[in-house]
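# Structural overview
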Amino acid sequence: MSLVDKFQQKVFWANVFRVALPFFIIVTIFSFLFTAWDEVTSGNFEAINQKLFSEGKWMRFWLSKIVISLGYGMYVTNKNMK
């Protein structure tokens, strides 16, 4: 079955989101920890906001994780569907 045929199946997209959601959560947690470890451990949420989300940085932060998670979900689902 070709990739285009798989894209048209609802089961494919359900499996993509089933894989992508936990991956998204894990990637987000690790990103917070690696990017702002000092701020997270001290509870300085204003510094986290300034570092990751202010002045339009939030869009790049969340969009990159969404794209990576969906790409990973599509890859794993495509690989496992026959």
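Above: the structure in question.
Residues numbered from 1 in each chain as written. Predicted model: local features only at pLDDT ≥ 70, side-chain atom pairs only at ≥ 80, totals over all residues. Heavy atoms only, no water.

Before going further, it helps to spend a moment on the overall build of the chain. When helices and strands are tallied, the chain shows 5 helices and 0 strands. Scanning the chain from its N terminus toward the C terminus, one meets helices and strands in the order α-α-α-α-α. Relative to the 2.2 N^0.38 estimate, which gives 12 Å for 82 residues, the radius of gyration of the chain is 16 Å and therefore markedly larger than a compact globule would have. Its C-alpha atoms give the chain principal-axis dimensions of roughly 50 × 25 × 15 Å. Considering the chain as a whole, with its 82 residues, one finds that 26% of them fall into the buried category. Pairs at least 24 residues apart make up 64% of the contacts formed inside the chain by residues separated by at least 6 positions. Of the roughly 6,000 Å² of accessible surface on the chain, a fraction of 68% belongs to carbon and sulfur atoms. When the 9 basic and 5 acidic side-chain charges of the chain are each reduced to a single mean position, those positions are 17 Å apart. (Helix = DSSP H or I, 4+ residues; strand = E, 2+ residues; numbered from the N terminus. Rg over C-alpha atoms; globule rule 2.2 N^0.38 Å. Buried < 20%, exposed > 50% of the residue type's maximum accessible area, 1.4 Å probe, protein only. Contact = heavy atoms within 4.5 Å. Areas by Shrake-Rupley, 256 points an atom, 1.4 Å probe, with all protein chains shown as cover. Lys, Arg positive; Asp, Glu negative; His and termini not counted. Charge placed at Lys NZ, Arg CZ, Asp CG, Glu CD.)

This paragraph deals with the pattern of salt bridges. Opposite charge on two side chains lets them pair, provided their charged atoms get close. Evaluated as defined, the whole model comprises 1 salt bridge. The shortest N-O distance in the salt bridge between Lys51 and Glu39 comes to 3.9 Å. Remark: Glu39 occurs in helix 3 (residues 37-42) and Lys51 occurs in helix 4 (residues 45-53); sequence separation between them is 12 residues. Accessibility expressed as a relative area gives 17% for Glu39, which makes it buried. (Salt bridge = Lys/Arg side-chain N within 4 Å of Asp/Glu carboxyl O.)

Positive phi is not limited to glycine here, since Glu55 has a value of about 55 degrees. Among the secondary structure elements, Glu55 is positioned in the loop between helix 4 and helix 5 (57-80).

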